[in-house]
Amino acid sequence: MGDDSGVESDNFDWNTEDELEIENFHSSSSCLTNVPNGEATTVSGEASSSAGSSCSKLCDHFVGMGFPLQMVCKVIQEHGDENEDKLLEELLTYSVLKCAPKSQVKVEPNPCSSDCAASSWDDLSDTDDASSDYEEITKSVSVNDGKLLSLVKMGYKEEESLIAIERLGPKSSLEELVDFISAAQVVKAEDVLLPSEDQSRYVDNAKLKKQRYYKYEVLGRKKPRIREKKILNNEDDDDDDDEVLHLPNPMIGFGVPTKSIFITHRKLPKEATGPPYFYYENVALAPKGVWQTMSRFLYDVEPEFVDSKYFCAAARKRGYIHNLPIENRFPLLPLPPRTIKESFPLTRKWWPSWDPRTQLNCLRTSISSVKITDSIRKNMEDYDGEPPQHVQKEILYQCRSFNLVWVGRNKVAPLEPDEVETLLGFPRNHTRGGGISRTDRYKSLGNSFQVDTVAYHLSVLKKIYPNGINLLSLFSGIGGAEVALHRLGIPLKTVVSVEKSEVNRNVVRSWWEQTNQKGNLIDMNDVQDVGVECLEQMMNTYGGFDLIVGGSPCNNLAGSNRVSRNGLEGKESSLFFDYFRILDLVKNITTNN
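Residues numbered from 1 in each chain as written. Predicted model: local features only at pLDDT ≥ 70, side-chain atom pairs only at ≥ 80, totals over all residues. Heavy atoms only, no water.

Here we come to the packing of aromatic side chains. Under the defined criterion, the tally for this structure stands at 13 aromatic pairs. Seen in terms of ring centroids, Tyr280 and Tyr579 are 5.1 Å apart; in terms of plane orientation they differ by 50°. Their pairing is tilted. Separated by 299 residues along the polypeptide, Tyr280 in strand 3 (residues 277-283) and Tyr579 in helix 20 (residues 576-592) bring together distant segments of the chain. According to the relative accessible area criterion, Tyr280 is buried, its value standing at 0%. Aromatic ring contacts, followed pair by pair, group Phe278, Tyr280, Phe297, Tyr299, Phe576, Phe577, Tyr579 and Phe580 into a single cluster. (Phe/Tyr/Trp six-rings, centres within 6.5 Å; stacked < 30°, edge-to-face > 60°. Helix = DSSP H or I, 4+ residues; strand = E, 2+ residues; numbered from the N terminus. Buried < 20%, exposed > 50% of the residue type's maximum accessible area, 1.4 Å probe, protein only.)

Here you go:
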């Protein structure tokens, strides 16, 4: 299962609910201009040139947006009518910074908003230095509002987009901003060892002013009647799709080796009893209702939610629906280290005392850019000793977002692919060589099982199948289930591996050959090609399947995907129904035979 944001230049969903639509109200055919005595006069249509006609349309446009007529004409007179974006920027600035007292200038209501363009800022201007604050705000807005609007159209929140622009700077590319936001969302969603004081560190007046400026002026959002201060890295109140219901805390499922709490008995629905056994995995933090739907299709089996931080030094919150026995489980030995410094001892020498992390966040399909690690190095080198607290917090935020570790004096770096392999329980160099690129290694590993976690659940099969097992591995990736069974000492008699990626299929076949497997490995490309005739033929040939393992793509479920996080209706994640279809066919064929 990956946490990939799925951002591709040709696949953006621009029709989001955050897209701003401003209607052009043609309420007047004349343009008002200021005369020396400050009064407004009408320039008739007969006296107007084509430029005057253009001016009239601009007046109608901006008046329709809620700006007062006198203000619009004054700005057009001062700056001309050739650059509409420049005029809008000046109108916003004028309404906030340079407007006359309320007794002289009355701001007309905005048809698109219940509040006035200028009065929406009344509650923010509590001090005499408010003007200087807003001058700084509008300067930064003029540089970055294009990128912000693009990010909002892609489905990202303006708060998190603003933070990304501030962190990476005005010269950052849209791709870098998207990657930064996605990583930050993982930190927020996974919340592994995140001190509570860090969660509220963005609440200061300047940032709240800028946030509200974007929301109510640039993006044209409707101002709520009751205003509440928002912590920038919290979800909005109306973001129901991000709500996760009934996830346990701690997330240890029916038990883990490092905790004393165990559940040893559960009642399975009659339709779910095995064999054949089934085991399905996906991201725990899916949109609301997804796990209820998947459970309903998989014979109403209760999901088991487990965080891999109880098995290794990295978090990986996952849900598992299975009909395996849950008593007499046992872990792979030796138990893997569960802290960063135990996993990577060379980091001890360089780890600063003010970095409290002991575990890493969820391992993703991408890593940080060189720009981010270089920025941290430069920030550290500006100070002889420990950097001040605000710099420490900034660096910690970056390190948590991208799972950066300390590799030298003032130096942080992302994990290497072989280090990710170790954390996920794969043999060293499992994904190395054979034509696979470094980028593909990160992607394949980010979408894989955490082997130690899966092996703990599958360990009960060792007594049931001492002579070997027939495995149907759907969406098999780089073979996490196969590696887990092999490490448990369960012989693999026949493995039918169904995997779309040729790179991943090559990784599994290479591992199969290098570990001298004696059974049969059958490659298939697409789960949608697995039908009843195909299954009957294989089951008749190899004697049926004892275990059906799978984890359909999580592209449309993961919290880091703001472009197409549409649950099981998504193009990729709807493949879950193929897992159920194939499982149900296997059960029916087994019963009939």
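Here we take up the UniProt feature "active site" (unreviewed entry) in the protein chain. In this structure's numbering, the residues bearing the UniProt feature "active site" (unreviewed entry) are Cys554. You can see Cys554 is positioned in the loop between strand 11 (547-550) and helix 20. (UniProt positions renumbered as here; feature names shortened; annotations may be inferred.)

A few words now on the nonpolar core. Inside soluble globular proteins, nonpolar side chains tend to come together where they are buried. The biggest cluster of nonpolar side chains holds 79 residues, and the ones touching the most others in it are Leu458, Leu461 and Leu547. Looking at this core element by element, the count peaks at six residues for helix 12 (residues 389-402). When near neighbours in sequence (up to four residues on either side) are disregarded, Leu461 contacts Tyr277, Leu324, Ile469, Ile490 and Leu547. By size, the runner-up hydrophobic cluster in this structure holds 39 residues, among which are Met251, Met538, Phe580 and Val586. (Core = buried A, V, L, I, M, F, W, Y, C linked by side-chain atoms within 4.5 Å. Contact = heavy atoms within 4.5 Å.)

So, about unusual backbone geometry. Outside of glycine, negative phi angles account for most residues, and trans bonds account for most peptide bonds. In this model, Gly274 is joined to Pro275 through a cis peptide bond whose omega is 5°. Note on placement: Pro275 falls in the loop between helix 8 (205-218) and strand 3. Residue Pro334 is bonded to the preceding Leu333 through a cis peptide linkage, with omega at -5°. Note that Pro334 resides in the loop between strand 5 (317-322) and helix 10 (340-343). Phi is positive for Asn429, close to 70°, though the residue is something other than glycine. As for its placement among the helices and strands, Asn429 is situated in the loop between helix 13 (417-424) and helix 14 (438-446). Overall, Asn429 belongs to the partly exposed group, its relative accessible area being 34%.

Before going further, it helps to examine the packing of helix 11 (residues 370-381) against helix 12. The N-to-C vectors of helix 11 and helix 12 enclose an angle of 155°; their axes lie 11 Å apart at closest approach. Comparing the axis directions of helix 11 and helix 12 gives the class roughly antiparallel. As helix 11 packs across helix 12, the resulting crossing turns out to be left-handed. Taken together, the residues of helix 12 that come into contact with helix 11 (itself represented by Ile372, Ile376, Asn379 and Met380) are Val391, Ile395, Gln398, Cys399 and Phe402. Tallied by class, the residues present in the contact of helix 11 with helix 12 amount to seven nonpolar, two polar and no charged. (Axes fitted to C-alpha atoms, helices over the stretch in contact; angles between N-to-C directions. Parallel < 35°, antiparallel > 145°, perpendicular 65-115°, else oblique. Left-handed = near helix turned anticlockwise from the far one by under 90°. Nonpolar A, V, L, I, M, F, W, Y, C, P; charged D, E, K, R; others polar.)

Here we come to helix 15 (residues 451-458). Within helix 15, eight of the eight residues are buried, which leaves it mostly tucked inside the rest of the structure. Regarding helix 15, the residues found buried are Val451, Asp452, Thr453, Val454, Ala455, Tyr456, His457 and Leu458.

Take helix 18 (residues 502-514) next. Residues lying three or four places apart along an α-helix face the same way, a consequence of the helix completing one turn every 3.6 residues. The end-to-end C-alpha separation of helix 18 is 18 Å, in line with the 18 Å expected for 13 residues at 1.5 Å each. For helix 18, the set of buried residues is Asn504, Arg505, Val507, Val508, Trp511 and Trp512. Along helix 18, the residues classed as buried sweep out an arc of 155° about the axis, all on the same side. Across helix 18 from its buried face, at more than 90 degrees, point the exposed residues Glu502, Glu513 and Gln514. Buried-residue contacts for helix 18 involve helix 14, helix 17 (480-487), strand 9 (492-498) and strand 10 (520-524). Measuring from the side-chain oxygen of the N-cap residue of helix 18 to the backbone nitrogen of Val503 gives 3.3 Å; that N-cap residue is Ser501. At the C-terminal side of helix 18, Asn516 shows a positive phi close to 55°. (Expected span 1.5 Å × (residues − 1). Arc of directions from axis to C-beta. Polar contact = N/O pair within 3.5 Å; in protein donor to acceptor, adjacent residues only side chain to side chain.)

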